[in-house]
Amino acid sequence: MGKLRLRDITPEEKQRFAICAHEAGHAITATVLGDTVGTVALTPDHPRNLGQCTLAAEQFPGVNAARIAFTGPYAEAYWRHGGPPTSGTLRRVLTASGREDERVVRASGDPRPEDVPRLIANCWGSISGLARHLFINGTATQADVDRALWLQEDEPEARAFALASIRSGRTPGSFKVIPALL
């Protein structure tokens, strides 16, 4: 497909990219919060679910479910609005038919996790990069998510430090973690 230029895509492709941003938001957030992504995939043949992000492992099962569920619609709304979404845009995306996300967020009792807007804004480069990958390839793995977040795959301590830095407000790729020498 070559280089993806969003200004040149069709309305149908814009809808598809919005779903990619949605699923990338789930995957990036799950990873930043310490969970492990199994697969991220577009599922265009399924009538009610256009994409899916599954977790291979949750560090603390259920604890981050509302935040992860909310970041998908928030990332999609962020892309559709061209930046932080209005309440109306976010509400339309969150309540779109066939979305499991709204059910999970409502069940948590925390309808708008307050740290999500900052996380999406700080990680937007990673989310949009992963969305491009998903748009072109149709699937993504944890390794693709790690690359989008600029994580070092061969240094667990450096990875943990980078994820903690991102959780505290740093932008992925804006810093370099140098592992300590033994």
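The structure under discussion appears in the preceding block.
Residue numbers restart at each chain and count upward from 1, following the sequence in its written direction. Totals for whole chains, interfaces and linings use every residue, but because this is a predicted model, local features are given only for residues with pLDDT of at least 70 and side-chain atom pairs only at 80 or more, for both listing and counting. Hydrogens and waters are ignored; side-chain quantities use all the structure's heavy atoms.

1. A few points about the overall build of the protein
Point 1. Helices and strands together make up the secondary structure of the protein, namely eight helices and three strands.
Point 2. Note on conventions: DSSP H or I runs of at least 4 residues are helices, E runs of at least 2 residues are strands, and numbering of each starts at the N terminus. Listed by position from the N terminus, the elements making up the protein come as α-β-β-α-α-α-α-α-β-α-α.
Point 3. Each radius of gyration is computed over the set of C-alpha atoms, and the globule rule expresses the reference value as 2.2 Å times the number of residues to the power 0.38. Taken over C-alpha atoms, the radius of gyration comes to 16 Å for the protein, in line with the 16 Å a tight globule of 182 residues would show.
Point 4. Taken over the C-alpha atoms alone, the protein extends approximately 55 × 45 × 30 Å along its principal axes.
Point 5. Type-normalised accessible area, obtained with a 1.4 Å probe on protein chains alone, sets the label of each residue: buried when under 20%, exposed when over 50%, and partly exposed for intermediate values. Within the protein, the proportion of its 182 residues that are buried is 43%.
Point 6. The charged-residue count follows a simple rule in which Lys and Arg add positive charge and Asp and Glu add negative charge, with His and chain termini not counted at all. For this purpose, a charge sits on NZ of Lys, CZ of Arg, CG of Asp or CD of Glu. If you average the places of the 21 positive and of the 20 negative side-chain charges in the protein, the two averages end up 7 Å apart.

2. Remarks on the packing of aromatic side chains
Point 1. Planes of paired rings set the category: under 30 degrees apart is stacked, over 60 is edge-to-face and the rest tilted, where pairs are Phe, Tyr or Trp rings (Trp by its six-membered ring) whose centres lie within 6.5 Å. The full count for this structure, using the stated rule, is five aromatic pairs.
Point 2. Measuring from ring centre to ring centre gives 5.2 Å for Phe 17 and Trp 79, while their planes differ by 45°; the resulting arrangement is tilted. Within this pair, whereas Phe 17 is found in helix H1 (residues 11-32), its partner Trp 79 is found in helix H2 (residues 65-81), the two being separated by 62 residues in sequence.
Point 3. Relative to Trp 124, the ring of Tyr 78 lies with its centre 4.6 Å away and its plane at 40°, an arrangement referred to as tilted. Remark: Trp 124 occurs in helix H6 (residues 124-137) and Tyr 78 occurs in helix H2; sequence separation between them is 46 residues. Each member of the pair Tyr 78 and Trp 124 is classed as buried.
Point 4. Three or more aromatic residues joined by ring pairs form one cluster here, namely Phe 70, Tyr 74, Tyr 78 and Trp 124.
Point 5. In this scheme, the term charge over a ring applies when either NZ of a lysine or CZ of an arginine sits within 6 Å of the ring centre and within 35 degrees of the ring normal. The ring of Phe 135 carries the charged tip of Arg 16 above its face, separated from the ring centre by 4.6 Å.

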